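# Structural overview
These are the residues of each chain, in order.
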Amino acid sequence: MLTQIYYNIRMTLRSTGVVIWCFAFPLIMATIFMTMFAGMQSNQSTHTIKLGVVEDTGWQDATGLRTLLEELAYPSDAEDEVPLLALTGYADRAAAEAGVRAGAVDTALVIDANGTEHLLVAPSDAGSTDQAIVQTILDRYLQGEELAGALAKHDPAARANAEARAALAENLSGEQAATAELSVLREPPSELSRFYYALLGYSCIMCSTIAQTLIDRTRIAATPEGSRRQVGALSPARQLAAALVASWLIVMTSMMLAVAYFYVVAGISFGGRVWLTPVACGACALVSCALGAFVGALPGTQAGVKDALITIATLALSLPAGLFGTPALEVANWLSQHMPLAQLLNPAVQATEAMLSLTFYDSLAPFASACGALLAIAALLGAGALIFMRRQRYVCA
Amino acid sequence: MSVLKIAVRLVAEHRVLFAVYVLLFSVVGSFAAGSLGPVSTTYEAVRPGVAIIDRDESAVSRALASHIAAVSELVEIEDSTRALQEAAAKNYADYVLVIPAGYGEELVAAARAGLDAPDLECVVSYTSANGSLMDERVRGYAQELYAIAAASPAAHAEDLVKLVDASQDTGVAVEIIDTETPGLPVTYLVYCQFALYALFGGVAAIVGIGLADLRTPEVRQRIGATPVPSAAFDTQIAGAIALCGIAVWSINAVVGIALYADELACVPVALTALMLVILFALMLVGMAFGFLIWQLGVRRELVHAIANISAIIISFLAGTWVPLANMSAEVLAVARFAPGLWAVSAMEMLVRATSVTGELVTSVLGHAGIVVLFALAIAAAGLAVGRARRAIA
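Remember, it's a predicted structure, so these values are computed and weren't measured experimentally.

What counts as what
- Residues numbered from 1 in each chain as written.
- Chains lettered and ligands numbered in written order.
- Predicted model: local features only at pLDDT ≥ 70, side-chain atom pairs only at ≥ 80, totals over all residues.
- Helix = DSSP H or I, 4+ residues; strand = E, 2+ residues; numbered from the N terminus.
- Rg over C-alpha atoms; globule rule 2.2 N^0.38 Å.
- Buried ≥ 20, exposed ≤ 12 C-beta atoms within 10 Å, placed from the backbone.
- Contact = placed C-beta atoms within 7 Å.
- Pairing = 2+ DSSP bridges.
- Axes fitted to C-alpha atoms, helices over the stretch in contact; angles between N-to-C directions.
- pLDDT = per-residue confidence, 0-100.
- Parallel < 35°, antiparallel > 145°, perpendicular 65-115°, else oblique.
- Nonpolar A, V, L, I, M, F, W, Y, C, P; charged D, E, K, R; others polar.
- Expected span 1.5 Å × (residues − 1).
- Domains from an automatic or database assignment.

A word on the overall build of chain A. Scanning chain A from terminus to terminus reveals 18 helices and five strands. For 397 residues, the compact-globule estimate of 2.2 N^0.38 gives 21 Å, and the C-alpha radius of gyration of chain A, at 31 Å, exceeds that figure by more than 25%. For chain A, with 397 residues in total, the buried portion stands at 43%. Counting contacts in chain A only where the partners sit at least 6 residues apart, residues at least 24 apart contribute 72% of the total.

In structure tokens form, the structure reads like this:
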């Protein structure tokens with residue numbers, strides 16, 4: 001049996017398809033993620049919004065607003081701090097409109113002859129977050145003026161006092177009411193790590209092609225090799241066991257290789273619990289073998305169809321795990337919140353979930369339940385494969 | 001013409017590849033575009049996903065919560081560590097606001113004593129600037145309450161809230177710049193960006209797989225023995241490859257125009273035509289790459305791998321999946337040496353344009369020209385490989 005395992009492994013690793021899709025592809029994708037997002041984490045919260053201003057008399061007259069915006073554009077206190085705004089001056093409204101339309105600035109501010117502020121946005125990107133941030137800053141300033149006016153009406157005597165007016169203005173633009181960011185996770189979350197974990201989910205499904213090929217090679221009437229092997233001396237059960245052990249070992253190696261690459265090269269820390277990753281990978285590899293056996297056992301399907309089935313399963317199951325970019329992550333979130341059962345039965349999602357809970361959650365219970373779900377899926381698929389294989393053997397005999 | 005006919009028949013036998021690479025990827029592109037939602041003609045500020053956990057339940061906290069709810073999409077999150085952790089790790093909301101117990105009273109008291117108000121707690125998402133936007137809105141509202149509380153020492157919390165809420169309608173007017181004609185819809189831009197995959201990887205895979213049979217030694221030997229000069233053979237193969245490319249380009253273009261017919265109808269035809277020119281240039285790169293793969297004599301099962309992986313890399317480097325603005329300078333420098341960046345930047349120019357000017361046409365055609373140069377370079381490499389292989393043979 002050891003010889004069988006050894007040759008099964010050698011045979012599999014000679015197939016270029018397996019080497020590319022099960023071993024090289026996750027590493028290539030990880031490298032792409034790594035280089036593509038290298039600059040991303042740093043510019044998330046601290047980026048500068050490009051605001052155009054029409055520098056006409058209206059702008060010169062709006063002293064309060066101008067001071068506020070200039071302070072935001074050229075912060076005096078911290079030199080290394082990234083300013084929130086970058087101001088670009090335009091001579092008139094037409095020039096500002098051209099600048100906005102060409103994308104030179106995110107939005108532009110015009111103060112008309114009546115002293116009313118207008119923000120100009122381009123039709124092609126109306127409603128961006130950066131525009132909303134500028135809008136919020138301006139709104140807050142205008143609301144401050146409005147509030148001061150309302151208070152003056154309310155209590156004219158007190159508002160006549162210059163000192164009280166100054167105190168109000170100072171409070172309105174002050175920073176006394178602040179927010180503090182909570183850190184609820186073991187380490188800061190990042191979109192990036194979810195892509196890496198989704199890659200492991202992908203591997204888990206894609207690698208089932210290994211088990212499928214190896215098992216088919218032991219089954220009578222499934223492949224010519226299978227028929228030949230079945231007349232050999234080794235019992236069918238031991239052949240099947242050898243195929244399963246060999247494919248489990250290969251899948252496990254593929255996944256651990258990916259984990260090692262993520263950990264060492266991509267700098268994914270797994271929340272300092274990298275020693276627990278083999279548990280999840282082992283469970284994933286089991287699912288992989290069971291899925292391969294199941295697809296291989298489907299009665300009346302040809303090899304090409306089985307290949308296509310596995311490819312489709314890989315793409316379809318990896319999507320809810322969030323492999324294909326941010327929109328896929330949104331689909332994944334929607335499913336987790338509205339159709340938890342579909343996510344529970346999806347091995348790619350559970351593989352991602354296991355790594356995610358390992359990294360971010362304090363308690364290991366979610367990790368254990370994800371691994372449990374993986375084992376249950378493996379058991380289900382394995383049982384299905386067994387039923388089909390028995391029936392088919394009965395028919396063939 | 002016999003070789004051309006055979007080549008076309010061989011490709012036609014693999015028509016399922018057209019369905020998978022061209023139709024499927026075109027549909028994926030339209031789904032990605034659909035996630036953007038319809039383009040509106042009026043400005044609406046973004047409404048980030050926000051979850052509010054109110055542990056205070058005072059007049060102030062309720063007012064803050066309803067103010068935030070009015071400018072965002074509310075997401076339900078339970079008040080437990082596990083739920084908060086899950087929400088943060090999976091980014092269920094851009095911003096989670098936790099109002100601590102006793103916040104309302106303490107804010108008013110602090111304002112009247114001239115002290116700093118207690119902190120509101122928040123969990124800010126890792127994606128986009130939406131989290132920072134919500135933080136700005138929350139702090140803005142709380143600060144207004146603080147200032148008003150300090151200025152009216154005797155007023156009840158309810159009255160303070162009323163005053164502040166009354167001022168919330170005041171704000172800057174946001175105007176969408178008027179244009180005589182609308183530009184290309186952004187949804188169509190996303191569709192075209194995704195078309196890059198089909199036009200590059202799809203064409204390469206179809207050419208690589210479809211014509212693989214013409215490279216088997218037996219077929220080569222027989223063709224070598226026929227009275228077809230090798231130049232004529234090469235030309236006919238080039239013709240077959242060109243037909244594949246044009247077929248893929250036309251399918252993609254027709255699907256795109258059919259999907260966005262309504263929006264495109266009111267856009268100057270020249271803009272759509274220029275977009276199709278860019279896509280055509282991209283298709284030429286795919287064709288050249290397919291030719292290179294074919295010349296290299298790559299094995300059939302490897303063609304898929306090579307076409308897909310290179311299409312993924314090219315799409316990434318073009319900023320199709322992650323905006324180029326989010327990439328580091330080093331990656332941008334590398335992206336300049338890939339065709340996708342030039343094509344996508346020309347597409348963006350087109351979407352920003354609202355009328356066809358000579359300047360626009362020259363710069364778009366200039367970018368498309370650079371893309372064509374990439375195609376020429378790859379095709380030249382293919383020719384060189386073919387020559388080298390023939391010399392060895």
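That was the structure; now back to the text.
Before going further, it helps to spend a moment on the sheet that holds strand S2 (residues 85-90) of chain A. Strands sit in the order S2(A)-S1(A)-S3(A)-S4(A)-S5(B) across an open sheet of five strands; the sheet is mixed. If you trace the sheet from one side to the other, it starts and ends with S2 of chain A together with strand S5 (173-176) of chain B, each paired once. The average undirected angle you get between the axes of adjacent strands in this sheet is 30°. Direction of pairing for strand S3 (residues 107-111) of chain A relative to strand S4 (residues 117-121) of chain A: antiparallel, over a ladder of four bridges. Bridge pairing in S4 of chain A places Ile 111 of chain A opposite Glu 117 of chain A.

A few words on the sheet that holds strand S4 (residues 120-124) of chain B. Spatially, S5(A)-S4(B)-S3(B)-S1(B)-S2(B) is the arrangement adopted by the five strands of the open sheet, whose pairing is mixed. For this open sheet the edge positions go to strand S5 (179-181) of chain A together with strand S2 (73-74) of chain B, each flanked by a neighbour on one side alone. Where strand S1 (residues 49-54) of chain B meets strand S3 (residues 95-99) of chain B, five bridges bridge the pair, whose relative direction is parallel. If you follow Val 50 of chain B over to S3 of chain B, its bridge partner there is Tyr 95 of chain B.

Residues and elements named next belong to chain B. Here chain B averages 85 in pLDDT, and 97% of its residues register 70 or above. Of all the helices and strands in chain B, helix H2 (residues 15-34) carries the lowest mean pLDDT, 79, while helix H12 (residues 269-296) carries the highest, 92. Overall fold confidence (pTM) sits at 0.78, and the ipTM for the predicted complex is 0.80.

Another aspect to go through is the packing of H12 of chain B against helix H15 (residues 339-352) of chain B. All names here are of chain B. At a minimum axis distance of 10 Å, the contact between H12 and H15 shows a crossing angle of 175°. Accordingly, the angle class assigned to the pair H12 and H15 is roughly antiparallel. Of H15, the residues touching H12 (which contributes Leu 271, Leu 274, Met 275, Ile 278, Ala 281, Leu 282 and Val 285) are Pro 339, Ala 343, Ala 346, Met 347 and Leu 350. Considered class by class, the residues forming the contact of H12 with H15 number 12 nonpolar, no polar and no charged.

Let us now look at helix H10 (residues 230-259) of chain B. Residues and elements named next belong to chain B. Compared with an ideal rise of 1.5 Å per residue, which puts 30 residues at 44 Å, H10 spans 43 Å between its outermost C-alpha atoms and is within 8% of the ideal. Looking only at H10, the buried set comprises Ile 237, Ala 240, Ile 241, Cys 244, Gly 245, Val 248, Trp 249, Asn 252, Ala 253, Val 255 and Gly 256. Tucked inside the fold, the buried residues of H10 contact helix H1 (2-13), H2, helix H8 (186-210) and H12.

A separate point is the domain arrangement of chain A. Partitioning chain A into structural domains gives domain 1 (2-39 + 190-396) and domain 2 (49-172). Spacing between the C-alpha centres of domain 1 of chain A and domain 2 of chain A amounts to 55 Å.

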